[in-house]
Amino acid sequence: PAGLAVGFIYAQHIDPSFESNLPQAVGRHSQWPVRLLHEHHCVREGEVVIVPVSQVLDFADNSRLLKLDALWEGLYSPSIEHMMRNLARHYGPHCGVIVFSGMGEDGCVAAEYVLQQGAQVWTQSAESCVCSSMPDSVAQAGYSLISASPQGLANELVQYMLKTSVHNNDDIKRTKS
């Protein structure tokens, strides 16, 4: 829903010639704007930034997104493994990963690292996937904390963000008015 205090980084294996079409394809079912990285260099609450296909995405100390002059590791671009490690290394428990429908096992090894950094790893349920091998590999390895349909994952995210918001405000002193 609109107003959720989170931003998304979206990585999908795709031919570079189709990268410019991803914002429209990804955004057609969302209230949130979906942008390519070159449009600006940060992720803001309430928006989705597409991970570049041909260049590695990393993060600066000021949380700006950095497109490096380096190729992704592995067979696929962008590498979900590499992206997840960069994200968890920089943000630790202040990030999370959702592995959606996809082929192969890209992301499975990095999921363990993400959890070790204190972040959440969730997966799309097999029955709701077009191709479930990516989320299945993460879930079967024991790294998925929640598995649900996209709608179920969205509901879980709203609940998680509400709990996180309440927890982060526990140190606020309240006085009677």
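Residues numbered from 1 in each chain as written. Predicted model: local features only at pLDDT ≥ 70, side-chain atom pairs only at ≥ 80, totals over all residues. Heavy atoms only, no water.

The next point concerns the packing of aromatic side chains. Scanning the model with the defined rule gives three aromatic pairs in all. A centroid spacing of 5.2 Å and a plane angle of 50° characterise the contact between phenylalanine 8 and tryptophan 32, whose relative ring orientation is tilted. Of this pair, phenylalanine 8 sits in strand β1 (residues 8-10) while tryptophan 32 is found in the loop between α1 (22-27) and β2 (34-36), placing the two residues 24 residues apart along the sequence. The class of phenylalanine 8 is partly exposed, set by a relative accessible area of 29%. Ring geometry for phenylalanine 59 versus tyrosine 91: centroids 5.2 Å apart, planes at 75°, classification edge-to-face. Taken together, the residues span a long stretch of sequence, with phenylalanine 59 in strand β4 (residues 57-59) and tyrosine 91 in helix α2 (residues 80-91) at a distance of 32 residues. (Phe/Tyr/Trp six-rings, centres within 6.5 Å; stacked < 30°, edge-to-face > 60°. Helix = DSSP H or I, 4+ residues; strand = E, 2+ residues; numbered from the N terminus. Buried < 20%, exposed > 50% of the residue type's maximum accessible area, 1.4 Å probe, protein only.)

What helix α4 (residues 133-140) keeps buried is the set Met134, Pro135, Ser137 and Val138. The buried side chains of α4 occupy one side of the element, clustering within an arc of 160° when seen end-on. In this fold, the buried residues of α4 make contact with α2, β6 (96-99), α3 (108-116) and β7 (120-124). One or two steps after α4, the chain reaches glycine 142, where phi turns positive at roughly 85°. (Arc of directions from axis to C-beta. Contact = heavy atoms within 4.5 Å.)

Take the sheet that holds strand β8 (residues 146-148) next. Spatially, the three strands line up as an open sheet ordered β6-β7-β8, and their pairing is parallel. A strand with exactly one partner marks an edge of an open sheet, and here the two such strands are β6 and β8. With strand direction ignored, the average angle separating the axes of adjacent strands in the sheet is 20°. One ladder, built from three bridges, connects β7 with β8; its direction is parallel. Paired with threonine 123 across the bridge in β8 is serine 147. (Pairing = 2+ DSSP bridges. Axes fitted to C-alpha atoms, helices over the stretch in contact; angles between N-to-C directions.)

Here the focus is the pairing of β6. Residues Val97 and Val99 point to one face of β6 and are all buried, whereas Gly96 and Ile98, pointing to the other face, are not buried. The sheet contact formed by β6 and β7 spans four bridges and is parallel. When the bridges of β7 are listed, valine 97 appears paired with valine 121. Assessed by its sense of winding, the connection that carries the chain from β6 through α3 to β7 is right-handed. (Right-handed = clockwise from strand over helix to strand, strands pointing away.)

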